[in-house]
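One-letter residues, chain by chain:
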Amino acid sequence: MDELIRGLQAGRPEAFERLVREYGDRIYRFVKRLAGERPAEDLTQEVFIRVHRSIEAYRPEGRFESWLFTIANNLCIDHSRRRKPEASLSDVDEDLAPERFASGTPEPIDRLEEEERRRALLKAVERLPFDQRQVFLLREEAGLSFREIAEMTGCPLNTALGRMHYAMEALRKSLKAYGMQ
Amino acid sequence: MECNRFVEEKIGQTESADFREHLAGCSGCARDVEELREVRTLYKAASTEKYLRGIPRVRRSRASWIPMAAAAAVLIGVFALILAGPGTNSPKPTETESKSAIFVRIHLEPWPSDVRVTTALDDCWQRLEQLEKNP
């Protein structure tokens, strides 16, 4: 990680390529679920451009991921303030295009059921209130600790935990209809 | 509620011995943990979209001012040379020189530093007219 950061700060193209290769998918998914499908690719690009512009000022006081996803989170918030939320259901369906997903080889019936459950979960995530969705994604997609999430979102630790609690409750309820015990 | 928060905080961290001990004695937390794991596992399986656009083209911002500054310096230098002219020891035009050559020499003659460019050009035109009237 230190090598990546030093490479970025030195302006080495291969370091920038590595950054996009390692974090592109995660940033894209985070942005897509927080800000919507339509602006997701543009916002993801913007995240990397912002990183490029501000990496010289980066000081490794916290984890790099926390700094990186703070940029993504702020861009999503700015975008949400500028525009109303998009209709998410069609976006989820559109985004289930096969080329977007990693390949797997489950049996056809199992695969249909699994896809049904995945689709239901992604829809449920997109239906979460913004604050809950933000905490859920920062935890599950960005992999941040609750302390990092609380610091980033400017709320007490208990508030971050509470939002995660309600998010998980909502997701669990949404999956009950799909056979989850 | 307190128990759930305990679960969610702990499940995000390395599962410690005291956490496992708590789970053994708390069926509610044990069930919550199982469901949370199922949600998390399913989400990981569902959230696999790829970023397809690729690497954005960017330039080093800190170096971008250098060529611009160099170009500006060259332009300023050329402009200053034109304003300053070749100096006082430039040869005077001879009678055999054409009017166009005289015109160029007039433009390159030195002007006082406080003379504005427009004033200097007006002066050139006046002097050219005089030369045409009295070659």
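Bear in mind the structure is a predicted one, so any value in this text is a computation, not a measurement. The residue numbers shown here count from 1 along each chain, following its written sequence. Each chain takes a letter, starting from A, and each ligand takes a number, starting from 1, following the order in which they are written. For this predicted model, a pLDDT threshold of at least 70 governs which residues receive local features, and a threshold of 80 or more governs which side-chain atom pairs are given and counted, while totals over whole chains, interfaces and linings are taken from all residues. Side-chain metrics rest on all non-hydrogen atoms present in the structure, leaving aside hydrogens and water.

A. A look at the packing of helix α6 (residues 108-127) of chain A against helix α9 (residues 157-176) of chain A. Residues and elements named next belong to chain A. At their nearest, the axes of α6 and α9 sit 9 Å apart, and the two run at 145° to each other. Relative to α9, the crossing made by α6 is right-handed. Here Arg117, Leu121, Ala124 and Val125 of α6 come into contact with α9, specifically with Leu171, Ser174 and Leu175. Think of it as three bins: nonpolar holds Ala, Val, Leu, Ile, Met, Phe, Trp, Tyr, Cys and Pro, charged holds Asp, Glu, Lys and Arg, and polar takes everything else, Gly as well. Residue composition of the contact of α6 with α9, by class: 5 nonpolar, 1 polar and 1 charged. Throughout, an axis means a line fitted to C-alpha atoms (over the contacting stretch in the case of helices), and angles, computed between N-to-C directions, take values from 0 to 180 degrees. Starting at the N terminus, helices and strands are each numbered in turn, a helix being any DSSP run of H or I of at least four residues and a strand any DSSP run of E of at least two. What makes a crossing left-handed is the near helix being turned counterclockwise from the far one by less than a right angle; a clockwise turn instead makes it right-handed. By definition in these notes, contact holds between two residues if any of their heavy atoms fall within 4.5 Å.

B. Representation of the side chain of serine 47 of chain B within the structure. On the secondary structure map, serine 47 of chain B appears in the loop between α3 (27-46) and α4 (61-84). Using a 1.4 Å probe on the protein chains alone, a residue whose accessible area is under 20% of its type maximum counts as buried, one over 50% counts as exposed, and one in between counts as partly exposed. Look at serine 47 of chain B and you get buried, because its relative accessible area is 4%. Distance and chemistry together define a polar contact, namely a pair of N or O atoms within 3.5 Å, with one atom able to donate a hydrogen and the other to accept it when in protein, and with adjacent residues in sequence counting only for side-chain atoms on both sides. Here arginine 33 of chain A takes part through its side chain, which lies 2.9 Å from a polar atom of the side chain of serine 47 of chain B. Those residues in contact with serine 47 of chain B that lie beyond four places of it in its chain are Arg29, Arg33 and Glu141 of chain A.

C. The nonpolar core, seen in detail. Counting residues in hydrophobic clusters, the biggest one holds 57 residues, and the most contacted among them are Leu19, Ile27, Phe64 and Phe136 of chain A. It is helix α2 (residues 13-35) of chain A that provides the largest number of residues to this core, a total of 11 residues. Leaving out residues up to four positions away in the same chain, phenylalanine 136 of chain A has contacts with Val125, Leu128, Glu141, Met164, Ala167, Met168 and Leu171 of chain A together with Tyr43 of chain B. By nonpolar core is meant a set of buried Ala, Val, Leu, Ile, Met, Phe, Trp, Tyr and Cys residues that side-chain atoms within 4.5 Å join together. Residues Phe19, Leu23, Cys26 and Cys29 of chain B belong to the second largest nonpolar core, which totals 5 residues.

D. Region of interest: the pattern of salt bridges. Residue and element names in this part refer to chain A. Every case where a carboxyl oxygen of Asp or Glu lies within 4 Å of a side-chain nitrogen of Lys or Arg is listed as a salt bridge. Tallied over the entire structure, the rule returns 18 salt bridges over all chains. Between arginine 81 and aspartate 78 there is a salt bridge, and its shortest N-O distance comes to 4.0 Å. Note that arginine 81 and aspartate 78 are positioned in helix α4 (residues 64-82) at a spacing of 3 residues, about one turn of the helix. Residue classification places arginine 81 among the exposed residues on the basis of a relative accessible area of 69%. We note a salt bridge from aspartate 131 to arginine 163, for which the minimum N-O separation is 3.7 Å.

E. Spatial organisation of the packing of aromatic side chains. All names here are of chain A. Aromatic pairing here means that ring centres of Phe, Tyr or Trp (its six-membered ring) are within 6.5 Å. Orientation follows from the plane angle: under 30 degrees is stacked, over 60 is edge-to-face, and everything else is tilted. The final tally for this structure, using the stated rule, is 8 aromatic pairs over all chains. When the ring of tyrosine 58 is compared with that of tryptophan 67, the centres are 4.8 Å apart and the planes differ by 50°; the resulting orientation is tilted. Between phenylalanine 64 and tryptophan 67, the aromatic rings sit 5.8 Å apart at their centres with planes inclined by 35°, giving tilted as the arrangement. Residue phenylalanine 64 and its partner tryptophan 67 are located together in helix α4, separated by 3 residues, close to a single helical turn. Classification of phenylalanine 64 as buried rests on a relative accessible area of 3%. Linked through ring pairs, Tyr23, Tyr58, Phe64 and Trp67 together constitute an aromatic cluster. Working rule: Lys NZ or Arg CZ, within 6 Å of ring centre, within 35 degrees of ring normal, means a charge sits over the ring. Sitting over the ring of phenylalanine 146, arginine 139 keeps its end group 5.5 Å from the ring centre.

F. Region of interest: α2 of chain A. Residue and element names in this part refer to chain A. Any helix carries an expected span of 1.5 Å times its number of residues minus one. With 23 residues, α2 extends only 29 Å from end C-alpha to end C-alpha; this falls clearly short of the ideal 33 Å at 1.5 Å per step. Maximal helix bending in α2 amounts to about 55°, located at tyrosine 23. A positive backbone phi angle near 110° is found at glycine 36, which sits one or two residues after α2. Bend is computed residue by residue as the angle between axes fitted to the seven residues ending at the residue and the seven residues starting at it.

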